[in-house]
Amino acid sequence: MSGSKRDRSRRAAREAVAHAGGVDATGARRPQDPFSGELRRREVLPLLVLHLIEQGPSYGNQLMERIAGMTAGVLSVNPNTMYPLLRQLESRGLIRGEWEHPERRTRRYYSLTGEGRAEYARLVEEVRPFLDSVKTSIDEIVREVYGG
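## Quick notes on the pattern of salt bridges
Step number 1: Inspection of the entire model under this criterion finds eight salt bridges.
Step number 2: In this structure, R122 and E119 form a salt bridge, with 2.7 Å as the shortest nitrogen-oxygen distance. Pair noted here: R122 and E119 are both in helix α6 (residues 114-146), with a separation of three residues, about one helical turn.
Step number 3: By relative accessible area, which is 11% here, E119 ends up buried.

Next up, the structure:
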């Protein structure tokens, strides 16, 4: 049994490293947080943004706070990431932004469009296998280190 456990642990560690990426197109190592960097690359952030907007109109700071809370800070999103993503999603017609007070340009609330709902459904299907593999790898690391 211990050989099997050791094999599972090694396999989980290899998968976690592979999923963490960290290699650019030239094969060079890329410095990044292994968890949040790969979560961003695998379209997890657009999925979360579309998911939260699907629940009701939201603005950028609110989305950042909700994502940080949902992920217990593991995926912290700063304005330099969130606002370009919102602009990109809006330019692709996936979300629609409206100023809370157009004359003062205060908060910009975003809502999902029909195309955004379709993209959200696609991402829900596409991202799930990656999230499942991350969960499995983390569960295996916790079992190996802490037992159980």
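Once you've had a look at it, read on.
## What about the nonpolar core?
Step number 1: Ranked by internal contacts, the top residues of the largest apolar core, which has 27 residues, are V49, I53, I67, M82, L86 and I95.
Step number 2: Contributing elements (two or more residues each) for this core: α3 (44-54), α4 (60-70), α5 (79-91), β2 (108-112) and α6.
Step number 3: For this core, the element with the highest residue contribution is α3, accounting for eight residues.
Step number 4: What I53 contacts, discounting residues up to four positions off in sequence, is S58, L63, L86, I95, Y110, S111 and L112.

## A look at the environment of P57
Step number 1: With respect to the element layout, P57 can be found in the loop between α3 and α4.
Step number 2: Leave out the neighbours within four places in its chain, and P57 touches Q62, Y109, Y110 and S111.

Parameters at a glance
Residues numbered from 1 in each chain as written. Predicted model: local features only at pLDDT ≥ 70, side-chain atom pairs only at ≥ 80, totals over all residues. Heavy atoms only, no water. Salt bridge = Lys/Arg side-chain N within 4 Å of Asp/Glu carboxyl O. Helix = DSSP H or I, 4+ residues; strand = E, 2+ residues; numbered from the N terminus. Buried < 20%, exposed > 50% of the residue type's maximum accessible area, 1.4 Å probe, protein only. Core = buried A, V, L, I, M, F, W, Y, C linked by side-chain atoms within 4.5 Å. Contact = heavy atoms within 4.5 Å.

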